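Structural features, examined
Chain by chain, the residues run as shown.
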Amino acid sequence: MKKVIIIEDSPTFCNMLGKKLEAKGWKTILCYNYRDGLKAVKESSEWDVVISDMRLGNDNGIDLLEWMRSNGYQNPFIIMTSYDESMSAVRTMKLGAEDYIPKKLLLDVVYERLEEIIDKQKRLVELNNKIVYRKSEKFRRIYKMAELFAKSDMAVMILGDNGTGKEHIAEKIHLQSKRADKPFEVVDCGTLSAELAVSALFGHEKGAFTSAEAARKGYFELAAGGTLFLDEIGNLPKDVQAMLLRVLQSKSYRPLGATKDKVADVRIIAATNENLQEAVREGRFRSDLYYRLHEAVIEIPRLRDCKEDIMPLANFFLKLYDRHTDKEIKCISKEAQRALVSHTWPGNVRELKSCIMRAMLLCENEIIDVEDLQLSQSTLTEEALDFDEQERKINRERILWALKQCNGIKRDAAKMLEMSHTTFYARMKEYGISTNKL
Ligand SMILES: Nc1ncnc2c1ncn2[C@@H]1O[C@H](COP(=O)(O)OP(=O)(O)OP(=O)(O)O)[C@@H](O)[C@H]1O
């Protein structure tokens, strides 16, 4: 049952709000002071919503929110304010409150707001059921960043190799944002040729061109109020880049054949596995669009750099596909587990997912064994081996080039490649580069 904890030091107002919400099917816990509120929070489950007054006698709702967040309680939190408390209300939003609502409006809007919160939670739960919450240090940091960026409307750039999980993170940001109840639209920029792009992005009216037999909505309209995820942005043709930039700057667009502009109300999240800086240097990507899309950046690591995530992911995929086979597969043998953890996974999570699916088909008893995984070097595809080898070669050459440009000064070379010193030194060691031999 949907549950809300109401913390309000005026019993009359608290009871009135409680009655209103109970009439709409909510279970309520009424607390008339900070102490009782804190107790109710400690006993709450993670989806219970907290509505607290800003002023609670000598105590204060913001302190409660601060206590909750620093003690790991992530319950949705709404603060009730009086007319002169907007500055403090802004602070509560920064601390992760869902909303602040002036008390005089509360009875009119609270029910709608609570339903929105519940709907958002449901969708987040659905997404979380499809994916594994990755516990590696690197991924925990990524989830934290995603949560922080979700609170703003900043354009976010997600960087990472193919199959690392960029789209999931983009959707997570969307579902934790104010736009969560609006669409999340994915655009595969690689398929947008200059001819198709205008109509695909902005739509067209009936008769706008010879084959336009009916009007069509573009991605900007389909995602209205929500998030547009521009996947593989590095593949966007140059003239489409200019078009996109204009729309992002003016926040308006015009469908083909239309006579009026429409408002471009979307949050942009883009992703790429390409080195976009290099693309800018080589003139393949517009630098103004590059900066417009990089208001915030999240880098997704390769699967082999988060080894502790491999087995939880593998076991999750095992359960996922278990429903689709009539075999009674119970687990993965110790030897197969060792093989999974030490494999290099050039195709990242996507490769792991198909490896487990294939193993389940091949497996002839209850335990997946190392042969079922087909992971030996000889069974790695040529393409995957080439990809890995080429990547090493390119990275090595880039480091050598930067060192030469900077007369062997490692700190400057790391800066030039926008790498942290630690990563730069680690890569030099990995590739056997020594400044003596330059
Ligand atoms: N945490 C996760 N839990 C379960 N499955 C995951 C997780 N992360 C990624 N996957 C699965 O791995 C595959 C690749 O994920 P996703 O499409 O998000 O990666 P990507 O980096 O966007 O890929 P690409 O660069 O090819 O567009 C998908 O099938 C996805 O369901």
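Since the model is a prediction, treat every value here as computed from it, not as a measurement.

Procedures and definitions
- Residues numbered from 1 in each chain as written.
- Predicted model: local features only at pLDDT ≥ 70, side-chain atom pairs only at ≥ 80, totals over all residues.
- Heavy atoms only, no water.
- Helix = DSSP H or I, 4+ residues; strand = E, 2+ residues; numbered from the N terminus.
- Buried < 20%, exposed > 50% of the residue type's maximum accessible area, 1.4 Å probe, protein only.
- Contact = heavy atoms within 4.5 Å.
- Areas by Shrake-Rupley, 256 points an atom, 1.4 Å probe, with all protein chains shown as cover.
- Lys, Arg positive; Asp, Glu negative; His and termini not counted.
- Charge placed at Lys NZ, Arg CZ, Asp CG, Glu CD.
- Near = heavy atom within 4 Å.
- Polar contact = N/O pair within 3.5 Å; in protein donor to acceptor, adjacent residues only side chain to side chain.
- Nonpolar A, V, L, I, M, F, W, Y, C, P; charged D, E, K, R; others polar.
- Domains from an automatic or database assignment.
- Pairing = 2+ DSSP bridges.
- Salt bridge = Lys/Arg side-chain N within 4 Å of Asp/Glu carboxyl O.
- Core = buried A, V, L, I, M, F, W, Y, C linked by side-chain atoms within 4.5 Å.
- pLDDT = per-residue confidence, 0-100.
- Expected span 1.5 Å × (residues − 1).
- Bend = angle between axes of the 7 residues up to and from the residue.
- Disulfide = S-S within 2.5 Å.

A look at the overall build of the protein chain
Secondary structure assignment for the protein chain yields 19 helices and 16 strands. Out of the 438 residues in the protein chain, the part that is buried amounts to 45%. Long-range pairs, those at least 24 residues apart, make up 71% of the contacts in the protein chain between residues at least 6 apart in sequence. Element-wise, carbon and sulfur atoms account for 50% of the exposed surface of the protein chain, whose accessible area totals about 23500 Å². Averaged over its 69 positive side-chain charges, the protein chain has a centre that lies 3 Å from the centre of its 68 negative ones.

Description of the site of the ligand
For the ligand, the set of nearby residues contains 20 residues, the closest of which are Val132, Asn162, Lys166, Arg350 and Lys353. Between a nitrogen atom of the ligand and a main-chain N or O atom of Val132, the distance comes to 2.8 Å. For the ligand, an oxygen atom lies 2.7 Å from a polar atom in the side chain of Lys166. If the ligand stood free it would expose 620 Å²; the protein chains cover 87% of that surface. Residues that form the shell around the ligand fall into these classes: six nonpolar, five polar and nine charged. Both of domain 2 (137–299) and domain 3 (303–380) provide at least three residues apiece to the shell around the ligand.

With respect to the pairing of strand E14 (residues 296–299)
Going residue by residue along E14, you find Ala296 and Ile298 tucked away on one face and Val297 and Glu299 left uncovered on the opposite face. As paired strands, strand E8 (residues 156–159) and E14 are joined by four bridges and run parallel to one another. Paired with Met157 across the bridge in E14 is Val297.

Details of the pattern of salt bridges
One pass over the full model with this rule turns up 20 salt bridges. Put simply, Arg284 and Glu282 hold a salt bridge, and the shortest N to O gap is 2.9 Å. When salt bridges with common partners are traced through the structure, they connect Glu8, Asp53 and Lys103 into a single cluster.

Describing the domain arrangement of the protein chain
Interface size is often expressed as the accessible area that is lost when the parts come together. We note that the domain assignment places domain 1 (3–123), domain 2 (137–299), domain 3 (303–380) and domain 4 (383–437) within the protein chain. Taking the mean C-alpha position of each, domain 1 and domain 3 sit 45 Å from one another.

Some words on the side chain of Arg113
Its place among the elements puts Arg113 in helix H5 (residues 103–130). For Arg113, a relative accessible area of 13% translates into the label buried. Here Arg113 is in contact with Ile78, Glu98, Asp99, Ile101 and Lys178, once residues within four sequence places are set aside.

Section: the nonpolar core
One broad trend across soluble globular proteins is that nonpolar side chains are buried collectively. One finds Phe220, Leu228, Leu230, Ile233, Leu244, Phe285 and Leu293 to be the most contacted residues of the largest nonpolar core, which totals 31 residues. Secondary structure elements with two or more residues in this core: helix H8 (194–202), strand E10 (227–231), helix H10 (238–250), strand E13 (267–272), helix H11 (276–281) and helix H12 (287–293). Each residue touching Phe220, except ones within four places of it in the same chain, is listed here: Leu201, Phe202, Leu228, Leu244, Val247, Tyr253, Ala264 and Val266. Core analysis: the next-biggest nonpolar cluster, separate from the first, contains 26 residues, Phe316, Ile332, Val349 and Cys355 among them.

Some remarks on the environment of His343
Among the structural elements, His343 can be located in the loop between helix H14 (334–342) and helix H15 (348–362). The spatial distance from the C-alpha of His343 to the C-alpha of Leu303 is 9.7 Å, given a sequence separation of 40 residues. At 3.2 Å, the side chain of His343 and the side chain of Glu351 are in polar contact.

Digging into the confidence of the model for the protein chain
Predicted confidence across the protein chain gives a mean pLDDT of 87, with 92% of residues reaching 70 or more. For the stretch residues 378–385, pLDDT sits under 50, and the model shows six contacts to residues farther than four places along the chain or on other chains.

A closer look at H5
Between the first and last C-alpha of H5 there are 39 Å, a value that for 28 residues agrees with the 40 Å anticipated at 1.5 Å per step. Roughly 60° is the biggest bend found in H5, and it falls at Val109. Residues of H5 that are buried: Leu106, Val110, Arg113, Leu114, Ile117, Ile118, Lys120, Gln121, Leu124 and Leu127. On the buried face of H5, the contacting elements are helix H1 (11–23), strand E3 (49–53), strand E6 (77–81), strand E7 (99–102) and helix H7 (166–175).

Looking at the state of the cysteines
The full count for this structure, using the stated rule, is zero disulfides. Between Cys14, a cysteine without a disulfide, and Cys31, which holds the nearest cysteine sulfur, the sulfur-to-sulfur distance is 7.1 Å. For Cys31, a relative accessible area of 3% gives the class buried.

Description of H15
Between its first and last C-alpha atoms H15 spans 21 Å; for 15 residues at 1.5 Å apiece the expected length is 21 Å, and the two agree. When we look at burial in H15, the residues that qualify are Asn348, Val349, Glu351, Leu352, Cys355, Ile356, Ala359 and Met360. Here the buried face of H15 lies against helix H13 (310–322), strand E15 (331–332), H14, strand E16 (367–368) and helix H16 (370–373).

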